[in-house]
Structure formats: C-alpha cells, structure tokens
Amino acid sequence: MNRIYLDQASTSFPKAPGVAQAMMDYLTMNGVNVNRGCYSSAYSAEEVIYETRQLLAELFHFSKCKNVIFTPNVTTSLNFILKGFLKPGDHILVSAMEHNAVMRPVVQLASSGISFDRIPCRTDGSMILEKVEELIRPETKAIVTLHASNVCGTRMPLDALGEICQRHQLYFVVDSAQTAGIVPINMDKMHIDALAFTGHKGLRGPQGTGGFLVSQELAEQMEPLISGGTGSVSHTEEIPDFMPDRFESGTPNLPGIYGLHEALLYLKTHSLQAINEKELSLTGYFLEQLQALDDTGRHIRIIGKKDLTDRNAVVSIQTPEIDMSQVAWQLDNEYGVMTRVGLHCAPNAHKTLGTYPAGTIRFSFGPENTKNELDFAIQGLKKILDL
Ligand SMILES: Cc1ncc(COP(=O)(O)O)c(C=O)c1O
C-alpha cells in the first residue's frame, strides 16, 4: 500500500537530504564531546555547533550568534523564556490560537501571580489586531504568540505586533514551530526579542533539536531554568554570566545538532519563497478538491480560511456525518494516508474556530508532497464519505 504522509505539521518527513548521513558520520567517525576535550575532533565538533548557531542567526536575521541557544525543542525553549523572565505581578498577552507549548507554561505561571489575557481571533483564526492595544496594562511585559496556527494554518501579523511591542516597550516572543524554514522571519525588522524554534518541522532536521534566539536585553532579564556543567569557568560553582553558556548546561544533543547543521546547509541553497509557494500551491489544490467534493458543507466542513492569504499548508476539516477518528483510521488503513485527528494540543484554538471539543482531521503538507498524493487522499475521503 502507498504511504502518504500528510502530517507535516507534526514533524516533517522526509528529513532534508544528508541529515541522516551527517548524524551517522558523527556517531561513527567522531562521537566526542564538546567544550571538554583538548583534541582536534572535539574542536571540529565545536566548529559545527558554532556554524549551526551562525546558520540559524542568518536564517532569522539576528545579529548575535552567541545568543542562539540550543534546547531539545520549541516547548523547552518557550519554558526557558517564559519562566526565565516573568515575575509575580507581571501580565502578558497571548493569542487566542496558542498551542499548549505556550499555554501550559503560561497557565502554570498564573498560579504564581503572573496574569494573562488572550488577544481575540476570528473564527478563521486571524487575529483582531484592533483589540491588542486595549488589552495592554501598565504591568504588561510581553506579547507571546505563535507565528502560524498548527490547527488551521492561519498566520499571525508579526510585523504589526512587533511594531506595537516596540511602541509600548513590551518584549515580543514568537513561537516559530510552524513557520521556521517555510516563511521568512526577520527578527530585526519584526522587533522580535525571543524566537523559539524546533528543528524537526519545517527546518527538516531531526527530532530532539531546537532552541531560541534571544536579544541581549531580554537575556539579561532571564534566570536560567537549569544549571550545571558547561565545560567553561570550571573553577566556580556559579552559573556562567556569558552567552550561550548561561543557558546551556550539560552535554548537548550532538548527533542532533550535526543533523540540524546539515538541514540548515540544505535550506541555505533553497529559497524559502519557493518552499512556501510549493506548499501553498498544494494547499490551494487540496482546498479546491475538497470544495468540489462537497460544496454544501454537509459532509465536509472546511475549518479556517478557505483561501491562501496569510496561511500555512495546514487544512483542518470536520466530517459532520461520520466520526472523524473513523475517517482518519480508514484513510490510514485503507489508503495509507496519514493525518492527525483531535484537538492537536491547542484547545483554545478550537474554541476560537468553533471546533471544540470535537476537534478536526488535519492534513498538512511539506515541500516533498505531490498533487498525486493529495488526489489519493481526496479519493479516499470520497469513498469513505460515500460522495
Ligand atoms: C505552534 C506549535 N508550537 C509548539 C509546538 C511544540 O513543538 P515541539 O514538540 O517540537 O516542542 C508545536 C508542535 O506541533 C506547534 O505546532
């Protein structure tokens, strides 16, 4: 049976060419630690780490390569950032479309006196920008938002939010899980103070890689969430006060960083615009096919935007007449089409979209997917829904 992977918003597949080989080469031909050994293979691993920081800084238009911090994923990064600088009495704004990677730390922080408001979004997931400034209070410290919804693909207006943050002297924290490696992000122009990223989605690196890029001003407000050995300033038991060591303790995920390094080198030779266009052309095609299958919305309800403006290659649907888990199960078992069903770790996004608590079936596309694969998914839906 075919294997058609349409769950790219969860993790990308296939990974960028060369990623697996780079990890394998590191593990079989180098394999040593960094910052600890005084031999050339340790220095060469350090070079790869340094170059990976540089590639990330370049990709996100950020000038301070030493302020690129590695963590296992965007979730850990957001925990580092939010728990690192927020103090009791502070207030923040989040979008109404957040993933639990933002919401769970925020709700956890609420029990220690940090409050938040949600910036309302429309039923297609787009932000109601006019409401933002009404919600800012004297104690508001930051706006925290995802760049694109993992439920319906709608993108947030980062340029406008960055401008508001600058005007009100707020920190701007962005979760780029769904857009890094797909949509251009210019930290400098967008006034982003901290950008959290994950390596295994649009960047097409391995799982277990990620990190954040943080301005020096915000870094100085942040307490490190963890501490331990760094291989530097070993004469003291104090946490180093310099970057990146202040936020990077313990042995890093070296095989993962070698893989991410390769993925970033691959990305450097490909234009983000071309990747984005390819993904959006698949999205447009899929939306058209869905609408042709059922233009009444009785059998298939398309959630979120029905056009290609300000969106990612993520399409959520509901099938009002047949249980969605059943549909997703049949798509996989009978047609080899892999999707995700449920609430996708974003309960409030579903409340905004009007799909809570049932959730949706989510189809998400990457640059290696083809129209043929999408046709197969559509044929599967047609048969399962008896259309
Ligand atoms: C918008 C968003 N934020 C955060 C995450 C969490 O990513 P990770 O599991 O790599 O930390 C995801 C994953 O789906 C996501 O879509």
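Residues numbered from 1 in each chain as written. Predicted model: local features only at pLDDT ≥ 70, side-chain atom pairs only at ≥ 80, totals over all residues. Heavy atoms only, no water.

1. A closer look at the overall build of the protein chain
Thinking step 1. Each helix and strand counted, the protein chain has 12 helices and 13 strands in total.
Thinking step 2. Computed over its C-alpha atoms, the radius of gyration of the protein chain comes to 21 Å, within 12% of the 21 Å expected for a compact globule of 387 residues.
Thinking step 3. Reported as C-alpha extents along the three principal axes, the dimensions of the protein chain are approximately 70 × 55 × 35 Å.
Thinking step 4. Put simply, the protein chain has 387 residues, and 57% of those count as buried.
Thinking step 5. Contacts in the protein chain between residues far apart in sequence, at least 24 positions, make up 70% of those at least 6 positions apart. (Helix = DSSP H or I, 4+ residues; strand = E, 2+ residues; numbered from the N terminus. Rg over C-alpha atoms; globule rule 2.2 N^0.38 Å. Buried < 20%, exposed > 50% of the residue type's maximum accessible area, 1.4 Å probe, protein only. Contact = heavy atoms within 4.5 Å.)

2. A word on the packing of helix α10 (residues 324–335) against helix α12 (residues 371–384)
Thinking step 1. Running from N to C, α10 and α12 point in directions that differ by 120°, and their axes come no closer than 10 Å. The orientation of α10 relative to α12 falls into the category oblique. Between α10 and α12 lies a crossing of right-handed hand. When α10 is examined against α12, the residues Val 327, Gln 330, Leu 331 and Tyr 335 are found in contact with a partner set consisting of Phe 376, Ala 377, Gly 380, Leu 381, Lys 383 and Ile 384. (Axes fitted to C-alpha atoms, helices over the stretch in contact; angles between N-to-C directions. Parallel < 35°, antiparallel > 145°, perpendicular 65-115°, else oblique. Left-handed = near helix turned anticlockwise from the far one by under 90°.)

3. Concerning the confidence of the model for the protein chain
Thinking step 1. Confidence in the prediction for the protein chain averages 97 pLDDT; 100% of positions are at 70 or higher.
Thinking step 2. Highest mean pLDDT in the protein chain belongs to strand β6 (residues 171–175) (99); lowest belongs to helix α2 (residues 40–59) (94). (pLDDT = per-residue confidence, 0-100.)

4. A word on α12
Thinking step 1. End to end, α12 covers 20 Å across 14 residues, agreeing with the expected 20 Å (1.5 Å per residue, within 8%).
Thinking step 2. Buried within α12 are the following residues: Glu 373, Leu 374, Ala 377, Ile 378, Gly 380, Leu 381 and Ile 384. In an axial view of α12, the angular spread of the buried residues amounts to 155°, which keeps them on one side of the axis. Of the exposed residues in α12, those oriented more than 90 degrees away from the buried face are Asn 372 and Lys 383.
Thinking step 3. Packing partners of the buried residues in α12 comprise β1 (4–5), α9 (272–293), β10 (314–318), α10, β11 (337–338) and β13 (360–364). (Expected span 1.5 Å × (residues − 1). Arc of directions from axis to C-beta.)

5. Quick word on the environment of Glu 277
Thinking step 1. In this fold, Glu 277 is placed in helix α9.
Thinking step 2. Of the residues examined, Glu 277 reaches a relative accessible area of 49% and is grouped as partly exposed.
Thinking step 3. Distance in space between the C-alpha atoms of Glu 277 and Gly 231 is 44 Å, their sequence separation being 46 residues.

6. What about unusual backbone geometry?
Where the residue is not glycine, phi is negative for most of them; where a peptide bond is considered, it is trans in most cases.
Thinking step 1. The omega angle of the peptide bond from Met 243 to Pro 244 is 0°, so this bond is cis rather than trans.
Thinking step 2. Position of Pro 244 among the secondary structure elements: in the loop between α7 (216–219) and α8 (254–268).
Thinking step 3. Following Tyr 356, the chain continues into Pro 357 via a peptide bond in cis, with omega recorded as 5°.
Thinking step 4. Summarising the element assignment, Pro 357 is placed in the loop between α11 (347–353) and β13.
Thinking step 5. Positive phi outside glycine occurs at His 191, with the angle close to 55°.

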